[in-house]
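# Coordinate analysis (summary)
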Amino acid sequence: QVQLVESGGGLVQARGSLRLSCAASERIFSNYDMGWFRQAPGKEREFVVGVRRWSGGSTSYADSVKGRFTVSRDNAKNTIYLQMTSLKPEDTAVYYCAAKSTQFSSVYDIWGQGTQVTVSS
């Protein structure tokens, strides 16, 4: 069953902007913490940003994207977004949307298929 679907990836020039979308099922969106991860060729998957379902929807960003990327939620569409600005070639990766079904766990156990982001120099 498809529970998370990413879209919005593509080719963009350095210093440009791009917005990724993650459409979630109502069950996931209404109950679980969610986040974005990315994986570049030959590298480990890394955390980008997380957003809590409760606790005021607080967010936590990786230092590498802080000040450049912003996560947001659209409750009417059961969708979270990743607004990326001031993009760098180092941001090139497959970006994944994820969710965790246990609130106080650090393990994200539900994953989307990923969307490719390529930043040219």
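Here is a short report on the structure shown in this document. This one's a predicted model, so the numbers in the text were calculated from it and none came from an experiment. (Residues numbered from 1 in each chain as written. Predicted model: local features only at pLDDT ≥ 70, side-chain atom pairs only at ≥ 80, totals over all residues. Heavy atoms only, no water.)

## Details of the overall build of the protein
Secondary structure assignment for the protein yields one helix and eleven strands. Along the protein, helices and strands appear, N-terminal first, in the series β-β-β-α-β-β-β-β-β-β-β-β. Rg of the C-alpha trace for the protein: 14 Å, near the compact-globule value of 14 Å for 121 residues, within the 12% margin. For the protein, the spread of C-alpha atoms along the three principal axes comes to 40 × 30 × 30 Å. Per-residue burial over the protein gives 43% buried out of 121 residues. Across the protein, contacts joining residues at least 24 apart in sequence account for 55% of those joining residues at least 6 apart. Total accessible area on the protein stands at roughly 6600 Å², and carbon and sulfur atoms take up 46% of it. One finds the centroid of the 14 positive side-chain charges in the protein at a distance of 4 Å from the centroid of its 10 negative side-chain charges. (Helix = DSSP H or I, 4+ residues; strand = E, 2+ residues; numbered from the N terminus. Rg over C-alpha atoms; globule rule 2.2 N^0.38 Å. Buried < 20%, exposed > 50% of the residue type's maximum accessible area, 1.4 Å probe, protein only. Contact = heavy atoms within 4.5 Å. Areas by Shrake-Rupley, 256 points an atom, 1.4 Å probe, with all protein chains shown as cover. Lys, Arg positive; Asp, Glu negative; His and termini not counted. Charge placed at Lys NZ, Arg CZ, Asp CG, Glu CD.)

## With respect to the nonpolar core
Leu4, Met34, Trp36, Leu82, Met84 and Tyr95 are the most contacted members of the largest nonpolar core, which totals 31 residues. When residues of this core are traced back to their parent elements, those giving at least two are strand 3 (18-24), helix 1 (26-31), strand 4 (33-39), strand 5 (46-51), strand 7 (69-74), strand 8 (79-84), strand 9 (93-100) and strand 11 (115-120). The contact partners of Tyr95, leaving out residues within four places of it in the chain, are Glu6, Leu20, Trp36, Phe37, Arg38, Val48, Phe69, Leu82, Met84, Gly114, Thr115 and Val117. (Core = buried A, V, L, I, M, F, W, Y, C linked by side-chain atoms within 4.5 Å.)

## So, the state of the cysteines
Within this structure, the stated rule accounts for one disulfide. In this model, Cys22 is linked to Cys97 through a disulfide, with the two sulfur atoms separated by 2.0 Å. Handedness here is read from the sign of the S-S torsion; for Cys22 and Cys97, about -80°, the answer is left-handed. Taken together, the residues span a long stretch of sequence, with Cys22 in strand 3 and Cys97 in strand 9 at a distance of 75 residues. As far as the burial class goes, Cys22 and Cys97 line up, both buried. (Disulfide = S-S within 2.5 Å.)

## Topic: the side chain of Asp91
Of note, Asp91 is situated in the loop between strand 8 and strand 9. Within the local environment of Asp91, its side chain forms a polar contact with the side chain of Arg68, the two groups lying 2.8 Å apart. (Polar contact = N/O pair within 3.5 Å; in protein donor to acceptor, adjacent residues only side chain to side chain.)

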